[in-house]
Amino acid sequence: MSFVDRMLRALEEHKERAFVVEIRGERQATTRGALLRAMVEDARCVLRAGGVVPGDRVVLVAANSTQWIATDLAVLAEGATVVPLYARQAPKELAAIIGDADPRLVVVDAGLDAALAEAGTSAKRVSIDSLFPGARPEPTPAVPLARDHVATIIYTSGSSGEPKGVMTTVGNVEHMLPILDAKLTELSGVRGGNDRVFHYLPFCFAGSRMVLWACLFRQNGIHLSTRLEELQRELTTARPAYFLNVPALLDRVRTGVEKKLGERPLPIRALYRRVMEAHARERRGEAGKRDRALLLLAERTLFPRIKDQIGPALRGLICGSAPLSEDTQAWFERIGIPVFQVYGLTETTAIVTIDRLDAVAVGRVGHAISGCELKLGEGGELLVRGPNVFPGYFRRPDATREAFTDDGWFKTGDQCELDTRGSLRVIGRVKNLLVPSSGHNVAPEPLEQLLVESIPGAQQAVVVGHGRPFLSAVITGALEPREVEAGLNTVNEALPHYRRIRRFVVTREAFSPENGLLTANQKLRRGEIERRFANEIAELYA
């Protein structure tokens, strides 16, 4: 029985269970097991009528929804390969990826069809709505799947080049799902079918897909965000036990809480300031009796109120995709919401390491999952081997060879540290290392995190200076030069000379996928940023 069979059986055995709940403000639109299973069968019939046969590729480019989930399951059940794409990506980029994927069929949100046609997509397209005519045929068994069958092809973000299709096999997925089942049971304290999971990240990303599949594998429901701009309201409605996050959202949540506290009466503002100062001393190991008494008071009064505003039922938050600020992680821990970090890549079926509940260390991303081996290669690059590692890139044999060492270890491209207990810390991308004219190797990511933390109002930062006499930064936000200079002075005081940021450029426009300066999953497009600000950067070194 494949993981697809198991998920379909869960729908059949639990006909009345709420498997998908779309959150629409304060309302909840529920799809139970029987209806979702019928939707899957509806879609399978339409896919077959459209010529889809086992081994074909089907592109799915649509927003998260119950229909998205039913389509995903239908393609898998037909023995075809799902190629999920980011619906908000530029149509020309989508068209290029669709051309590379060479699909039998493209399933799209109705609003995207015309844009894809204009961008030059020649592949056959159907609206996702058309897959669900309401015929509701009797369920039929899924097509048997071998372990080496490619279940999905997920295109990488393309932060340093053209996107490549990462092939994920049935064997990759079936190794990962029991691991996630055990970890989520540990986190929530209940077995599958009973925990409330909220999700807002697009399913086209590897981590999101594994959350979805883990919920179905565990015979559990999933609550879907439908309007990101109403995320706080949706969380209040969903009351989740946990959900997957990216660091940018956690940073925004913390900033939003502190902004609201800054608008409260003076006694509350003063209390919060004193509590945070005590918290900082506690982290440095310098807390005295007064600090501990103040923090104990906050644990009984202030922190529970903050936690209730974020999520009163939260047992914890899961965070991945990019480095999380140590300050932000420690802040959530202190108010009573533990943050469990996950590290992985699309090429590793989303996960390499996960925090252990009894061994969470701020700034580290956990220990290797079962069956996965880790070691450090040249320049501290993390190398990975195990059943979670992908077989290769779609139709790119040269890129596949380059991704592995001669003895079969996958090269992550991440510069890391491993302690004696096997706990991992990610420093930055090996290829992002800057080598100024002093000859020192500098990882930009830690410096960028320091800048955003030390300059109030700074949204993003990119450090530049490869081959230059010193380092500089491009910083986004509504900032005055004196504010940036004050933050730089704070940062530079603790740094050796070769890591100090000497000059800067400020831009009010944030980096985003829409302006081409972030990838779809919020990673910096460094090369594009340097090209966009080439003149301003050149002036810094004139």
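Residues numbered from 1 in each chain as written. Predicted model: local features only at pLDDT ≥ 70, side-chain atom pairs only at ≥ 80, totals over all residues. Heavy atoms only, no water.

K.L.:
Sorry, what's going on with the side chain of D42 here?
P.N.:
Following the sequence through the fold, D42 ends up in helix 2 (residues 33-49). Classification of D42 as buried rests on a relative accessible area of 1%. Those residues in contact with D42, other than ones at most four positions away along the chain, are L131, F132, P133, G134, A135, R136 and P137. (Helix = DSSP H or I, 4+ residues; strand = E, 2+ residues; numbered from the N terminus. Buried < 20%, exposed > 50% of the residue type's maximum accessible area, 1.4 Å probe, protein only. Contact = heavy atoms within 4.5 Å.)

K.L.:
Before we go on, may I ask you to explain helix 15 (residues 444-454) in this structure?
P.N.:
Buried within helix 15 we find P444, E445, L447, E448 and L451. Projected onto a plane normal to the axis of helix 15, the buried residues spread over an arc of 160° and lie on a single side. Packed against the buried residues of helix 15 are strand 20 (424-429), strand 21 (460-464), strand 22 (471-476), helix 16 (481-493), strand 23 (501-507) and helix 17 (526-532). (Arc of directions from axis to C-beta.)

K.L.:
Explanation requested: the environment of V257 in the structure shown.
P.N.:
Locating V257 in the fold gives a position in helix 9 (residues 247-261). Between the C-alpha atom of V257 and that of I310, which follows or precedes it by 53 residues, the distance is 8.7 Å. Those residues in contact with V257, other than ones at most four positions away along the chain, are I306, I310 and W331.

K.L.:
Whenever I open this one, the side chain of H175 confuses me. Can you help?
P.N.:
Position of H175 among the secondary structure elements: in helix 6 (residues 170-188). Excluding residues that lie within four positions of it along the chain, H175 makes contacts with S370, G371, P387 and N388.

K.L.:
Looking at this structure, how should I read the sheet that holds strand 23?
P.N.:
Hydrogen bonds between backbone atoms are what pair the strands of a sheet, whose relative direction is either parallel or antiparallel. Taken together, the three strands give an open sheet; going across it, the order is 21-22-23, and neighbouring strands pair in mixed fashion. Each having just a single partner strand, strand 21 and strand 23 make up the two edges of the open sheet. Within the sheet, the average angular offset between the axes of one strand and its neighbour, ignoring direction, is 25°. Sheet topology places strand 22 next to strand 23; six bridges connect them, and they run parallel. In the strand pairing of strand 23, V474 is matched with V505. (Pairing = 2+ DSSP bridges. Axes fitted to C-alpha atoms, helices over the stretch in contact; angles between N-to-C directions.)

None of this, on its own, says anything about what the molecule does.
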